Amino acid sequence: MRVPVDVWVNPLPKAGTATATLSSPCVGSNVILNYMPPTCESSLGFQHPNAPTNWTLTQSPIFANGTVNVANVPSSITMTSSNAAIGGGPGTTSYSIVMPCSGFVSFNWNYSTVDGAAYDYPQYRINSGAPVLLTGYNTSGGISQSGSVNVAVTTGQTFTLQSYSVDNQVGACTTVISNFSAPGVPNQSVKWYEVSSGGTDLGGGNTLSVTPATTGTLTYYAEVKNNNTGCINPVREPTNSVTISALPSVMINASNNPICLGSSTTLTASGADSYIWYPGGLGGASVVVAPTSTITYTVTGIDANGCSQSSTLLITVNPLPGVGTSASPTPICAGSSINITGTNAATYTWQPGSLSGTTISVSPATSTTYTVTGTSSLGCVNTATRSITVNQLPPTGTNLGTTPSICTGTAITIFGSGANAYTWQPGSLTGPSITVSPSSTTTYTVTGISTVTGCTKTITQTIIVNPLPNVGTTATSTPICIGSTATITGTNANTYTWNPGSLSGTTITVSPLTTTTYTVTGTNTSTGCTNTSTRTITVNACGSVLNLTLLIEGYYQGMGTMDHVLQNQTVVGATATQTDTIIVELRNAFPPHAVASSVKTILNTNGMASCNFPLSGNYYIAIKHRNGLETWSATPIAITGIVNYDFTTSANQAYGDNQTEVAANVWAFYSGDINQDENADLLDASLLETSIANFDFGYFATDLNGDGNVDLLDSPMLEVNVNAFIYSVHP
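We now turn to the structure provided with this report. (Residues numbered from 1 in each chain as written. Predicted model: local features only at pLDDT ≥ 70, side-chain atom pairs only at ≥ 80, totals over all residues. Heavy atoms only, no water.)

## Let's talk about the overall build of the protein
Part 1: When helices and strands are counted, the protein shows 3 helices and 67 strands.
Part 2: Taking 731 residues into account, the globule formula puts the C-alpha radius of gyration at 27 Å, and the protein, at 66 Å, lies well above it.
Part 3: Every one of the 731 residues in the protein was classed for burial, and the buried ones make up 41%.
Part 4: As presented, the protein carries roughly 34,900 Å² of accessible surface, and 53% of it is formed by carbon and sulfur atoms.
Part 5: Positive and negative charge centroids in the protein, built from 13 and 31 side chains respectively, lie 24 Å apart. (Helix = DSSP H or I, 4+ residues; strand = E, 2+ residues; numbered from the N terminus. Rg over C-alpha atoms; globule rule 2.2 N^0.38 Å. Buried < 20%, exposed > 50% of the residue type's maximum accessible area, 1.4 Å probe, protein only. Areas by Shrake-Rupley, 256 points an atom, 1.4 Å probe, with all protein chains shown as cover. Lys, Arg positive; Asp, Glu negative; His and termini not counted. Charge placed at Lys NZ, Arg CZ, Asp CG, Glu CD.)

Here it is in structure tokens:
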């Protein structure tokens, strides 16, 4: 008995597109083989992408109990409709799969039922569209029917097979789906060959690089295999044809080889259409090169097909001869001769003079550079130079140029120039310079010596000596009384400066408080010479002598003494016993109390001050100080002979009791009238604040405590006096 056997036959894989791309159309270049598989291919049977594991079984409603039998996979599946024995409604058994790509779904179907074709029937649907009866099915037909379906689908659509029961009872239908085919993403691999059948396996992969070893037109073939079924398409997919060209035969020749260092040679290539040279990256069939050492040049020739080949050539570079010279004796004096000899070459020529020979004798009139051209046994040429120094007589001179003039007693330095060593007369002095102080106009002779050549040269230099001016002085009204003035006049010069006082001018007027010696420096403007003279002005206590005792509030230190303010404020010539200067005025006893006499004098640290007045009578004493409040005596005082007046013993020693008590029973003038308007007020405070902000130090009226600095220590005393509305009281 014969037994039937089912044989499942898989289709051959669908071939995609095979291409070949040349990286360069030349022997030795790579060919890139590329296989692009088809987007979709039909997958036969319920296997691989159509396997039951990729389908979804659903029932609607939930009590539907249809089934899908996959026992005969991959050849067929059997779908049975629902028969839940629950009347009154339909039931649907759905079997769904999502299409991975576009194509056609086709299959055969065989239907049978026990209930009737109008109650249980097979159908399909796409996505959520309306169900469609299987092609050829007749709801009025018999209980056994068959047919085939072929329907188009697109990527991502859900394709569903359905068994539908109108009443879900009495009996079910059974539908066998066979010869199922649906589009699927191909699972392919390829192998590459140089021939359409047989041949050597070149390798696998969708992309493969191969290197052909021959020239000509070549076609490659892709053998396609379905990795799911193992089926191989016996028809290999051909690529496009590629043409492989032969490499050009490149040659090099040189116009000169070997060459001498510094020379050039022309390299010429042949056998191609274009060329690139290395080193240098130059282009062209010919290049000119000048290598500095033996070197190999490489040219890469490229033909019309873009194929290239390289060739090399060694260029030998011979060294230049190390031409040198020797000469003796050197340097020379003008008129002498010298021999110059060439070295390290085979033959020599010389310039200037177009001379030849290993040694030449020359006698240049001035320093000259000779050039020798030496040729080696290899024919290479080099040059060297030799400078011949010709020494002239030393151009001896001095730094003074024109005839200089000096003043009697002044020294001057004379520097020799143009030689190496020097001797000087008068005096038999040596050295590059001498310092002299002639008492009268003198001519000096210097001999310059070249220590190299022994040549000498002598010149003279005259120094004019101008006499000092015979400076003197004259004076009027001397001796003088304290408070008087004297006039001093300089003589026998053109301009004058005076000390103390740093005064200038031919005549000065002075009013010293004590006997003082003045020094005058006179200058003759035509020669610039200066000299000095002195004049003493004797100061006598004439007329009435007023001895005062008074204190300044800000300067008071205690124990009846004041600070040495002038010294603190760095006043030149100030001593440790001096406080400051004051102005003493004698004012008429009757209105308008005009100034009868005024003297500027020194107030000492013990409060004592002395002044001389050339008059006598009854006068108010008025005291002025640069930051003190102007203060008057309480009453007019009889000024005659020697008079003593002490402001410090009580407030009423001042007019209107206009003093402040700085210690028990010790009285002083108020401080703070910086602008001398006879008030201690905010105008003075503003001046003090500005001086503090400027960090002033030295001789400033704003330095109220006399310590040499204008700072916050000066403020409290002024603030008290401003707040007390202190002002000057006098008739």
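There is more to say after this.
## Description of the sheet that holds strand 14 (residues 188-193)
Part 1: Strand order in the open sheet formed by 4 strands is 15-14-18-19, and the pairing between neighbours is antiparallel. Taken across any chain shown, the strands that pair with only one partner, and hence form the sheet edges, are strand 15 (203-204) and strand 19 (237-238).
Part 2: Examined bridge by bridge, strand 18 (residues 221-226) and strand 19 share 2 bridges and lie antiparallel to one another. Within strand 19, the position partnered with Ala222 by the bridge is Glu237. (Pairing = 2+ DSSP bridges.)

## Section: the pattern of salt bridges
Part 1: The full count for this structure, using the stated rule, is 4 salt bridges.
Part 2: As a salt-bridge pair, Glu585 and Arg587 come within 3.0 Å of each other at their nearest N and O atoms.
Part 3: The partner of Lys624 in a salt bridge is Glu585, and the shortest N-O contact between them spans 3.3 Å. With Lys624 in strand 62 (residues 617-624) and Glu585 in strand 59 (residues 578-588), the pair connects residues that are 39 residues apart, well separated along the chain.
Part 4: On the accessibility criterion, Lys624 (25% relative accessible area) is partly exposed.
Part 5: Look at Glu585 and you get buried, because its relative accessible area is 8%.
Part 6: Connected through shared salt-bridge partners, Glu585, Arg587 and Lys624 make up one network. (Salt bridge = Lys/Arg side-chain N within 4 Å of Asp/Glu carboxyl O.)

## Points about the sheet that holds strand 9 (residues 120-126)
Part 1: Read from one edge of the open sheet, 5 strands run 4-7-12-9-10, paired in antiparallel fashion. Either end of the sheet is taken by a strand with one partner, and the two such strands are strand 4 (56-60) and strand 10 (132-133).
Part 2: Here strand 4 runs beside strand 7 (residues 91-98); their pairing, made up of 5 bridges, is antiparallel. Along strand 7, the bridge assignment pairs Gln59 with Thr93.

## With respect to the nonpolar core
Part 1: Of all hydrophobic cores here, the largest spans 29 residues; its most connected members are Leu546, Leu548, Leu550, Val584, Ile621, Ile623 and Phe647.
Part 2: Elements that contribute at least two residues to this core include exactly strand 56 (544-549), strand 59, strand 60 (595-604), strand 61 (608-613), strand 62, strand 64 (637-639), strand 65 (642-646) and strand 67 (666-668).
Part 3: One finds Phe46, Val105, Tyr124 and Ile177 within the second-largest nonpolar core, a separate group that totals 27 residues. (Core = buried A, V, L, I, M, F, W, Y, C linked by side-chain atoms within 4.5 Å.)

## Observations concerning the environment of Gly89
Part 1: Inspection of the secondary structure puts Gly89 in the loop between strand 6 (76-80) and strand 7.
Part 2: A residue is classified by how much of its surface remains accessible, and Gly89, at 16% relative accessible area, is buried.
Part 3: Sequence separation between Gly89 and Asp167 is 78 residues; the distance between their C-alpha atoms is 5.2 Å.

## Remarks on unusual backbone geometry
Part 1: Between Val73 and Pro74 the backbone carries a cis peptide bond, its omega angle lying at 15°.
Part 2: Geometrically, the link from Asn499 to Pro500 is a cis peptide bond, its omega value of 5° lying close to zero.
Part 3: Its place among the elements puts Pro500 in the loop between strand 50 (495-499) and strand 51 (503-504).
Part 4: The phi dihedral of Asn179 falls on the positive side, at around 50°, and the residue is not glycine.
Part 5: Examined against the element boundaries, Asn179 turns out to sit in strand 13 (residues 173-184).
Part 6: The class of Asn179 is partly exposed, set by a relative accessible area of 44%.
Part 7: The phi dihedral of Asn665 is positive, around 65°, even though this residue is not glycine.
Part 8: Along the chain, Asn665 falls in the loop between strand 66 (660-663) and strand 67.

## Let's talk about the pairing of strand 7
Part 1: Within strand 7, 7 of the 8 residues are buried, which leaves the element mostly enclosed by the surrounding structure.
Part 2: Two strands pair when backbone bridges link them, and strand 7 and strand 12 (residues 158-165) are joined in this way by 8 bridges, in the antiparallel orientation. Bridge assignment links Gly91 to a residue of strand 12, and that residue is Ser165.

## Thoughts on the packing of helix 2 (residues 682-693) against helix 3 (residues 715-723)
Part 1: Packing of helix 2 against helix 3 leaves a shortest axis separation of 10 Å and a crossing angle of 165°. When the interaxial angle is binned, helix 2 and helix 3 end up roughly antiparallel. Once helix 2 is placed against helix 3, the crossing between them reads as left-handed. Residues Leu682, Asp684, Ala685, Leu688 and Ile692 of helix 2 lie in contact with helix 3, whose contacting residues are Ser715, Leu718 and Val722.
Part 2: Classifying every residue of the contact of helix 2 with helix 3 gives 6 nonpolar, 1 polar and 1 charged. (Axes fitted to C-alpha atoms, helices over the stretch in contact; angles between N-to-C directions. Parallel < 35°, antiparallel > 145°, perpendicular 65-115°, else oblique. Left-handed = near helix turned anticlockwise from the far one by under 90°. Contact = heavy atoms within 4.5 Å. Nonpolar A, V, L, I, M, F, W, Y, C, P; charged D, E, K, R; others polar.)

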